[in-house]
Amino acid sequence: MSKDWPLWEVFVRSKGGLSHRHVGSVHAPDAEIAVRHARDTYTRRMEGVSLWVVPSAQIIASDPAEDGPMFEPAEDKIYRHPTFYNIPDGISHI
Amino acid sequence: MYTAELQKTARIASTEDPDKLAAFEARVAADEFIEPKDWMPEAYRRTLTRQISQHAHSEIVGMLPEGNWISRAPSLRRKAILLAKVQDEAGHGLYLYSAAETLGTSRQEMIEALHSGKAKYSTIFNYPTLTWADIGAIGWLVDGAAIMNQVPLQRTSYGPYARAMVRVCKEESFHQRQGYEIMMHLAAGTVEQKRMAQDALNRWWWPSLMMFGPPDENSPNTEQSMRWRIKRDTNDDLRQKFVDITKPQADAIGLNVPDPDLRWNEEKGGHDFGEVDWDEFYAVVKGEGPVAKERMKARRDAWEQNAWVREAADAYAQKQIRKREAA
């Protein structure tokens, strides 16, 4: 092997009903071996019931240098949260 | 398993953008995590790449002394346990290589640095495993020292390293307990078995204390590493903690810690203990450990003799691509 195998990101569903969660990455020449490596590397103690592997190069990430313009607009929109509204005592089920 | 800290001094280059550097230092001081795509000073990147890759190499080389004993384990139960432990060490190496790669060094470069002898790994693995009791002593002491080093690293400032450490720590506790259990059984066994356990403790005690790295006054990088929250405790603090925790564990199974100066100091609320032979430590760091050459040869042989597996996997992947293209 003259260079590294491609990198794959690994996602594990820990049990039925929960979403897959990123756990790490593995190198593998193809998808099938990536799944096998992910199994051996990340689920040795029944950590999962389902695995996803995705070529790392296929993931598009937001730019951390731009996280202000990206995420700050949500900061002053507190009226999107239920606690913004004052409801008098005695009114229930709301 | 863990690597003693062997960094060279990390100097911050004067070419770093002072505004970015100040913002970075403030984030780290506020206990925020730094992630791969975030701006970071080159010295931080270099220090971490060295530390995480040394840590990864140590996990991989750590498989060798134990692997020697898989076929000689005294029962099927012990054999299954040792296999699982050695497989865990491989896993730990892989988590750590992945974390180091996020800093921009390829897996291939790191493995080549290990095989060429350029990269360091924990000095502890350059000592031989002479008897089955050594497998007990390694789990109990070496993995015990590793846990003590690694628990604070779960809050280290570099996110991928911290997350790898969370996984490693979760798995490491079984390693220490199975080792202590081996020692416990031997210590309660025949006279010969107990002697074997004591002999293993005698040989592994001091190298285990060396795993925490040189004394604080000779560890010039500790200050910078602590400022950057790469490291969260000093070498001497962790060593003291290890001695305090381990001594009663030895007493409980009737084994003697091989240190005539070891005694409880009521005033400091900890044990006083003898001086580590630092000349031996530095000699082993330089590659003069009793089995350093043997370890690296075993590692290179494994890599080369199994090259056909990697080549076959490559060939198969290429064939599948060609098939898909033809279809």
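Basis of the calculations
- Here, residues in each chain are numbered from 1, in the same order as that chain's written sequence.
- To label them, take the chains in the order written and letter them from A, then take the ligands in the order written and number them from 1.
- Local features in this predicted model are restricted to residues of pLDDT 70 or higher, and side-chain atom pairs are both shown and tallied only at a pLDDT of 80 or more, whereas totals for entire chains, interfaces and linings draw on every residue.
- Think of the side-chain values as coming from all heavy atoms in the structure, minus any hydrogens and water.
- The numbering of helices and of strands both runs from the N terminus, where a helix is a DSSP run of H or I of at least 4 residues and a strand a run of E of at least 2.
- Put simply, the radius of gyration uses C-alpha atoms, and a globule should come to 2.2 Å times the residue count raised to 0.38.
- The contact criterion used throughout is that any non-hydrogen atoms of two residues lie within 4.5 Å.
- Computed with a 1.4 Å probe, the accessible areas rest on the Shrake-Rupley method; for each residue, only the protein chains presented here act as cover.
- Here the positive residues are Lys and Arg and the negative ones are Asp and Glu; neither His nor the chain ends is included.
- By convention, the point assigned to a charge is CZ for Arg, NZ for Lys, CD for Glu and CG for Asp.
- Angles run from 0 to 180 degrees between N-to-C directions of axes, and those axes are lines fitted to C-alpha atoms, restricted for helices to the stretch in contact.
- For classification purposes, angles smaller than 35 degrees are called roughly parallel, those larger than 145 roughly antiparallel, those between 65 and 115 roughly perpendicular, and all remaining angles oblique.
- When residues are grouped by polarity, Ala, Val, Leu, Ile, Met, Phe, Trp, Tyr, Cys and Pro land in nonpolar, Asp, Glu, Lys and Arg in charged, and all others, Gly among them, in polar.
- The buried area of a pairing is the accessible area, by a 1.4 Å probe, that goes missing from both parts when the two are put together, added over both.
- Between Lys or Arg on one side and Asp or Glu on the other, a salt bridge is scored when a side-chain nitrogen of the former is within 4 Å of a carboxyl oxygen of the latter.
- Any pair of nitrogen or oxygen atoms within 3.5 Å is treated as a polar contact; in protein, a donor-acceptor pairing is required on top of that, and neighbouring residues in sequence qualify only through side-chain atoms on both sides.
- Take the buried Ala, Val, Leu, Ile, Met, Phe, Trp, Tyr and Cys residues and link them wherever side-chain atoms come within 4.5 Å; each set so joined is a nonpolar core.
- Only protein chains enter the accessibility calculation, which uses a 1.4 Å probe; a residue whose area is less than 20% of its type maximum is buried, one above 50% is exposed, and one in between is partly exposed.
- Each patch is built from residues lacking any salt bridge and having more than 30% relative accessible area; the joining distance is 9 Å for like charges and 5 Å for nonpolar side chains (Val, Leu, Ile, Met, Phe, Trp, Tyr).
- Strand pairing is defined by DSSP finding a minimum of two bridges between the two strands.

Caption draft 1: Representation of the overall build of chain B. For chain B, the count of helices and strands is 12 helices and 2 strands. Secondary structure elements of chain B, listed N to C terminal, follow the sequence α-α-α-α-α-α-α-α-α-β-β-α-α-α. In terms of C-alpha radius of gyration, chain B reaches 21 Å, essentially the compact-globule figure of 20 Å for 327 residues. Taken along the three principal axes of its C-alpha coordinates, chain B extends 70 × 55 × 35 Å. Excluding contacts between residues fewer than 6 apart, the proportion of contacts in chain B whose partners are at least 24 apart in sequence is 80%. As displayed, chain B offers around 15,000 Å² of accessible surface, 54% of which is attributable to carbon and sulfur atoms. Between the centroid of the 44 positive side chains of chain B and the centroid of its 48 negative side chains there is a distance of 6 Å.

Caption draft 2: Geometry of the packing of helix α2 (residues 42-67) of chain B against helix α11 (residues 292-305) of chain B. Residues and elements named next belong to chain B. Viewed as axis vectors pointing N to C, α2 and α11 meet at an angle of 105°, and their least axial separation amounts to 10 Å. By the angle between their axes, α2 is roughly perpendicular relative to α11. Contacts from I60, V61, L64 and P65 of α2 reach α11 at R295, M296, A298 and R299. Its residues assigned to classes, the contact of α2 with α11 comprises 6 nonpolar, no polar and 2 charged.

Caption draft 3: Just the interface of chain A and chain B, in detail. At the junction of the two partners, chain A supplies 21 residues and chain B supplies 22 residues. Between chain A and chain B, the buried area comes to about 1,800 Å², and carbon and sulfur atoms account for 48% of it. In this assembly, chain A and chain B are joined by 4 salt bridges. Here D88 of chain B ties to R45 of chain A by a salt bridge, and the two come within 2.4 Å at their closest N and O atoms. Here chain A is connected to chain B by 11 residue pairs in polar contact (both at pLDDT 80 or more). Counting residues per element, the ones that place at least two in the side of chain A that touches chain B are β2 (21-27) and α1 (31-42) of chain A. With 4 residues, α1 of chain A is the single largest residue contributor to the side of chain A that touches chain B. Its residues assigned to classes, the side of chain A that touches chain B comprises 9 nonpolar, 5 polar and 7 charged.

Caption draft 4: Looking closely at the nonpolar core. All names here are of chain B. Judged by nonpolar contacts, the single largest core of 91 residues is most densely connected at Y44, I52, Y158, M183, W204 and W205. It is helix α5 (residues 132-153) that provides the largest number of residues to this core, a total of 12 residues. Every residue in contact with Y158, bar those within four places of it in the chain, is listed here: I34, E35, P36, M40, Y44, L48, I52, A99, T102 and L103.

Caption draft 5: Representation of a nonpolar patch on the surface. A contiguous nonpolar patch, built from I78, Y79, F84, Y85, I87, I91 and I94 of chain A and spanning about 750 Å² of accessible area, is present on the exposed surface. Owing to a relative accessible area of 42%, I87 of chain A belongs among the partly exposed residues under this scheme.

Caption draft 6: View of the sheet that holds strand β1 (residues 7-13) of chain A. Residue and element names in this part refer to chain A. Spatially, the 3 strands line up as an open sheet ordered β2-β1-β3, and their pairing is antiparallel. In this open sheet, the two edge strands, each paired with only one partner strand, are β2 and β3 (50-55). Averaged over all pairs of adjacent strands, the angle between their axes in this sheet comes to 30°, without regard to strand direction. As paired strands, β1 and β2 are joined by 6 bridges and run antiparallel to one another. Across the sheet, residue E9 finds its bridge partner in β2, namely S25.

On their own, these measurements won't tell you what the molecule is for.
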